[in-house]
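# Architecture and fold: a report
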2 protein chains.
Amino acid sequence: MHIEYVPSTLVWGVELGGGDKQGSKGERHAICKVITIVGAVVVAVLFYKFYSSFLATPDLPEFDLNVWWGRNTSNGQDTSIRPYRILFSDSMQENLRRKMEAYRRATRVKSLEDDSTYGINYDVLGQIFAHWQFKYKYGSRVKYLNQYNHYITNVQGLDIHFMRIKPKNTENLKVVPLLLIHGWPSSVRDFYGIIPLLTSAKPEYNFVFEVIAPSLPGFAFSQAPVRPGLTTYQMAIVLRNLMERIGHKQFYVHGGDIGHAIGSHIATLFPNQVLGFHSSTPVNPSKLAHLTLMLGAICPKCVANDLVDKIYPYTDKLQFYLEESGYLHLQSTKPDTVGIALQDSPLGLASYIIEKYLLFTDPANKYTHDGGLSAFNVTDLMDNVLIYWSTGSITTSLRLYKESILNYEMEETLSSIPTSVPTWGLRTKYDLIQQPDFILRWKYPNLVRTTNLDVGGHFAAFEKPVEVSSDIFEAVKFFSTMKK
Amino acid sequence: MHIEYVPSTLVWGVELGGGDKQGSKGERHAICKVITIVGAVVVAVLFYKFYSSFLATPDLPEFDLNVWWGRNTSNGQDTSIRPYRILFSDSMQENLRRKMEAYRRATRVKSLEDDSTYGINYDVLGQIFAHWQFKYKYGSRVKYLNQYNHYITNVQGLDIHFMRIKPKNTENLKVVPLLLIHGWPSSVRDFYGIIPLLTSAKPEYNFVFEVIAPSLPGFAFSQAPVRPGLTTYQMAIVLRNLMERIGHKQFYVHGGDIGHAIGSHIATLFPNQVLGFHSSTPVNPSKLAHLTLMLGAICPKCVANDLVDKIYPYTDKLQFYLEESGYLHLQSTKPDTVGIALQDSPLGLASYIIEKYLLFTDPANKYTHDGGLSAFNVTDLMDNVLIYWSTGSITTSLRLYKESILNYEMEETLSSIPTSVPTWGLRTKYDLIQQPDFILRWKYPNLVRTTNLDVGGHFAAFEKPVEVSSDIFEAVKFFSTMKK
């Protein structure tokens, strides 16, 4: 009955609209009434559909573990592991010098606000420019970046780069392999501070790590796929195959940002190979998780316990996500277009990348004049920018967001399949998405602990290597006492 | 009662989550039940709030018509109208040559798909590069751009550029002033084709137009504000003051894209000065309009009549908007960051702008190899890119989106205040948002007609000058027969 009522009212709206100006208020009133009724019915139906979709735990889909992402066929694939060295070539440096010289003063546009609310401001850009132009020493930085052993090996048709760092003094110690997975706009550079801490013995622990830190396909020194589809769970397969190539059938995993998503997929697809999963971005990305937190706004304390201030007021958080997700929206839809400017403009690339480090390390940086830059060693940030620049890989890295959207259904399916792998979460003070343990347990029923840090932000391993490495040691100690 | 039930269940969820793995399905089941109930209550409350917010037509707010946007104070403001000529300086050309030479082959990243679904593809970029480098002649183009009379005058502290073109042969004809308002990423270049058609007498009409086409503040040759707040309705005030400066107390208005929004605000704020409003993007942006079309999905034909195929299936349209609005999301939040790359990279700027022309002219272009480029005269598109480039104004143009979001409440208020100005809509075949007349009438009760074109897209005046100019003549003829 109600639904039948709609069309006639709206048609009446059409007829009325033309002539009777006086009636427009009454007309809108009637339409509002209908909207309320129809809306309630629609919402009830949607809720029912929604609700029933949550109950089933899907079966784990079968995946082809040898999808070929490269140009050639797999005939005669070279499975050797080759040493690799990072190079900042003379021609790149010359090209950069030319670009910096061609950079016009007019390119810099005065900021409207004294802070960073419109994005990277005039003075921050000036500091980045000056640092790059006058302080950044290519020679010593490339030496710094080559301090660890770099390798390349072909996995599923792609030359995949990784660093492999073995501990030096292993007397009476068990050496356990640990896969470190970076995110976006990060690179293996995020792990330079944490690697020595993880590969050095600590008196409290009878083990030490051998670290394997790959560049994701399409990022930095790893080749990009020549066809669509290499999304996070496909990257999970590539990295698992890489670990097998290196000789590690079983290993621990640490990840943050997209590295968390990939690590989570490895734990879901290969639960018998992952000895334990440590995440610095512990998130259950399922729809049920988000909806629960949204409805939890009615009683934040009941849902979030000691995380109340980090999750609520929920509308504030939503506004924050909306404001901070423009880059994500663009990259998920037109990565190649914005990529053209970022591949061509060194300062554009630096600003685009560094903005994320500034804002996601502490959201309050947005309201400061220098955007938080002074809290960083700019050279550290520039290393990461140079890694993207020298490899011309920003566009292929952006495409990962597009692949995630194109393969959204499978991502959602995998996020609602629990993994048995023992899991440990590290929440930094300012990380973007925070969830209480009971929600994490829907995805990670063997969540053994979460640590709440009183410092740090989204790029935890980069920013707080001491705290993160301690937490990883603690987690692995715990994991190793659990029987599978 | 229901609401009280929630917290305990969720707390129970927290307690259960730790140990009992078997219980996780039952737990999720219980939570889903609660979510359904709580969700329905929340939605009912929201709908009620929503509903009541639609009924009141707000009073027209009072605005300061002399807000100062410039650096200096208004003391001794120069109110003269000075002639202006467009210049592509030697140093700009030299700088561009250097940038093009520094542009690395490696900058071009092979596309994953043969079409344009990931954004501007490899081959389209190659064509843009080649055209700019080898075919675009700065000298003859700047002559072309200077064919009309350009002027600058200071309005509210900003040097505002405009073209003013008077008809040549006006014997026995009434000359009526017409304000043409461009949008983003357009410029006055959009109107070069339509201007001669509007300023030439037609035998069927006893009037002809004097055209005034300004560059929006912060766009191209018009100065940008030095403080935040110059959003669309403030631009409306600036343009109305510009028209008064020129000597036109009353005038007709045509606009598309953001030019529609600004024109609509002029009609709302100054109904006695606007003789008639012609829009090539006829849209009522109020929440009620969008909600009505969304709910109309239940019976598209009842709501949309002959526009059914252009509005429904609504979920397809929403998906389309989501996919095509990444640039808008980024510009509304961090215009200054993405601006840095676009100010610095000529090819990045060209791709970013031309992508919009290609996709919004015909959405199907996304699925073609050349993105629809062959349907355009590339030189025409490049003129517009050069206007943004030579004036270094892309960042300040992007900021308009940020200002719109920052002043969203007032934009929403103004969109729910009807204007008495006679209005005429032109719907092109492929324009992005299409609304039936009865919804347009909530905002424009004096909507006298809408024309449905069987060709054209979002940039109507640029793409279809013949059709648009005919429609404007027809509209103004009708307007002039109406008594105010």
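A brief look at the structure comes next. Because the structure is a prediction, the values reported are computed rather than measured. (Residues numbered from 1 in each chain as written. Chains lettered and ligands numbered in written order. Predicted model: local features only at pLDDT ≥ 70, side-chain atom pairs only at ≥ 80, totals over all residues. Heavy atoms only, no water.)

### Things to note about helix α21 (residues 465-481) of chain A
End to end, α21 of chain A covers 25 Å across 17 residues, agreeing with the expected 24 Å (1.5 Å per residue, within 8%). Looking at α21 of chain A, one finds that the buried residues are Pro-465, Val-468, Ser-469, Asp-471, Ile-472, Phe-473, Ala-475, Val-476 and Phe-479 of chain A. (Helix = DSSP H or I, 4+ residues; strand = E, 2+ residues; numbered from the N terminus. Expected span 1.5 Å × (residues − 1). Buried < 20%, exposed > 50% of the residue type's maximum accessible area, 1.4 Å probe, protein only.)

### Points about the sheet that holds strand β8 (residues 423-427) of chain A
Backbone hydrogen bonds are what pair the strands of a sheet, in a parallel or an antiparallel way. All names here are of chain A. With mixed pairing, nine strands are arranged side by side in an open sheet as β1-β2-β3-β5-β4-β6-β7-β8-β9. Bordering the open sheet on either side are β1 (81-84) and β9 (447-452), each of which pairs with just one other strand. Ignoring which end each strand starts from, the neighbouring axes of this sheet average 25° apart. Pairing geometry for strand β3 (residues 158-165) and strand β5 (residues 207-214), over four bridges, is antiparallel. By the bridge assignment for β5, Met-163 is matched with Ala-213. (Pairing = 2+ DSSP bridges. Axes fitted to C-alpha atoms, helices over the stretch in contact; angles between N-to-C directions.)

### A few points about a nonpolar patch on the surface
Residue and element names in this part refer to chain A. On the surface, a cluster of nonpolar side chains totalling about 200 Å² of accessible area is made up of Ile-37, Val-41 and Val-45. Relative to the helices and strands, Val-41 is located in helix α2 (residues 24-55). A relative accessible area of 35% places Val-41 in the partly exposed class. (Patch = residues over 30% accessible without salt bridge, like charges linked within 9 Å, V, L, I, M, F, W, Y side chains within 5 Å. Areas by Shrake-Rupley, 256 points an atom, 1.4 Å probe, with all protein chains shown as cover. Salt bridge = Lys/Arg side-chain N within 4 Å of Asp/Glu carboxyl O.)

### Re the packing of helix α15 (residues 346-361) of chain A against helix α16 (residues 378-391) of chain A
All names here are of chain A. At a minimum axis separation of 10 Å, α15 and α16 run at an interaxial angle of 130°. Judged by the inter-axis angle, α15 sits oblique to α16. The two elements α15 and α16 meet at a crossing, and its hand is right-handed. On the side of α15, the interface is formed by Pro-346, Leu-349, Ala-350, Ile-353, Ile-354 and Tyr-357, while α16 contributes Leu-381, Met-382, Asn-384, Val-385, Tyr-388 and Trp-389. (Parallel < 35°, antiparallel > 145°, perpendicular 65-115°, else oblique. Left-handed = near helix turned anticlockwise from the far one by under 90°. Contact = heavy atoms within 4.5 Å.)

### Topic: the state of the cysteines
Working definition: the covalent bond between the sulfur atoms of two cysteines is a disulfide. Residues and elements named next belong to chain B. A complete count under the given rule lists two disulfides over all chains for this structure. Sulfur-sulfur distance for the disulfide between Cys-299 and Cys-302 comes to 1.7 Å. For the disulfide bridge between Cys-299 and Cys-302, the dihedral angle about the S-S bond is near 65°, and by the sign convention the bridge is right-handed. Given a relative accessible area of 11%, Cys-302 falls into the buried group. (Disulfide = S-S within 2.5 Å.)

Remember that the coordinates give geometry; whether it matters functionally is a separate question.
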